[in-house]
Amino acid sequence: MTTPRFYHTATLLPNGQVLVAGGFEFDVGTLAGAELYDPATGMWRATGSMTTARYVDTATLLPNGQVLVAGGIVELFSTYTASAELYDPATGVWTATGSMTTKRGVQTATLLPNGQVLVAGGRDGDTFFTSAELYDSATGMWTATGSMATPRFVHTATLLPDGQVLVAGGDNFTDGRLASAELYQSATAVFDIQ
């Protein structure tokens, strides 16, 4: 890559390139820069920088080919954000979109079959979330949806063939490492314990 980084995101774009954005680097701090990997040439090149430097955020490819980046930490271990932005591969430009209802980082983001993005869990400092919210790319707005039974961060979220989302594992410092799992039902906006 052109810049050393960790806690960044990586998203496969429809054109086959990989967008790497944000992250952290000890000598620099929180990063706003982004770059593209072209598998045809094996080369990296810089692209537009995000409007907000962030790490431990999420990046989701939307059906229209844009990439939604949401949440994360904007200052070392201290300040979480609710802000979100969109990357347009056609122009290489980032633009702000609606902010989440809750500041959070180390959450999950899952593209649902209806085109909405489900963001679940995460943390803001010592607060760990059960809450979840949905991003509507048609309006750029976020709305609250059903909450998980267990607060969790650094968990996984997997879209299943039937449209449900399996949320599994993670941590919340109260219960320690989690073995529990929950299923999000898109039709009813409810998480069911598994």
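A.B. asks: Tell me about the sheet that holds strand 1 (residues 9-12), and name the residues and values.
C.D. replies: Strand order in this open sheet of four strands is 1-2-5-6, and the pairing throughout is antiparallel. A strand with exactly one partner marks an edge of an open sheet, and here the two such strands are strand 1 and strand 6 (43-47). Averaged over neighbouring strand pairs, the angle between their axes works out to 25° when direction is ignored. Across five bridges, strand 5 (residues 34-38) lies against strand 6 in antiparallel orientation. Of the residues in strand 6, the one forming a bridge with D38 is M43.

A.B. asks: Report on the pattern of salt bridges, specifying residues and quantitative values.
C.D. replies: Within the structure shown, the criterion is met by seven salt bridges. Between K103 and D124 there is a salt bridge, with the nearest N and O atoms lying 3.9 Å from each other. Here D124 lies in strand 15 (residues 123-124) and K103 lies in the loop between strand 12 (93-97) and strand 13 (108-111), a separation of 21 residues in the sequence. Relative accessible area serves as the criterion here: at 42%, K103 is assigned to the partly exposed category. Here R177 and D171 are joined by a salt bridge, their closest N and O atoms 3.0 Å apart.

A.B. asks: Quick rundown of the packing of aromatic side chains? Include the residues and the values.
C.D. replies: Counting across every chain of the model gives 13 aromatic pairs. For the ring pair F128 and F153, a centre distance of 5.3 Å and an interplane angle of 15° mean the geometry is stacked. Residue F128 is found in strand 16 (residues 127-128), and its partner F153 is found in the loop between strand 18 (141-145) and strand 19 (156-159); the two are separated by 25 residues along the sequence. We classify F153 as buried; its relative accessible area is 6%. Aromatic rings pair up to connect F6, Y7, F24, F26 and Y55 into one cluster. Note that R104 overlies the ring of F129, its terminal NZ or CZ placed 5.2 Å from the centroid. The side chain of R123 reaches across the aromatic face of F153, ending 4.8 Å from its centre.

Rules behind the numbers
- Note that residues are indexed from 1 along each chain, following the sequence as it is written.
- Reporting of local features is limited, given that this is a predicted model, to residues whose pLDDT is at least 70; pairs of side-chain atoms are given and counted only at 80 or more, and all residues count toward the totals for whole chains, interfaces and linings.
- The basis for the side-chain values is all heavy atoms of the structure; hydrogens and waters are excluded.
- By the convention used here, strands pair only if DSSP detects at least 2 bridges between them.
- For helices the rule is a DSSP run of H or I covering at least 4 residues; for strands it is a run of E covering at least 2, with both sets numbered from the N terminus onward.
- Think of each axis as a best-fit line through the C-alpha atoms, taken over the contacting stretch in the case of a helix, with angles from 0 to 180 degrees between the N-to-C directions.
- The working definition used for a salt bridge is a side-chain nitrogen of Lys or Arg within 4 Å of a carboxyl oxygen of Asp or Glu.
- Between buried and exposed lies partly exposed: a residue is buried under 20% and exposed over 50% of the maximum accessible area for its type, with that area taken using a 1.4 Å probe on protein chains only.
- Side-chain rings of Phe, Tyr and Trp, where Trp is taken by its six-membered ring, are said to pair if the distance between their centres is within 6.5 Å; with planes under 30 degrees apart they count as stacked, over 60 as edge-to-face, and otherwise as tilted.
- Put simply, a charge is over a ring when the Lys NZ or the Arg CZ is close to the ring centre, within 6 Å, and near the line of the ring normal, within 35 degrees.

Interpretation in functional terms is not warranted from these geometric data alone.
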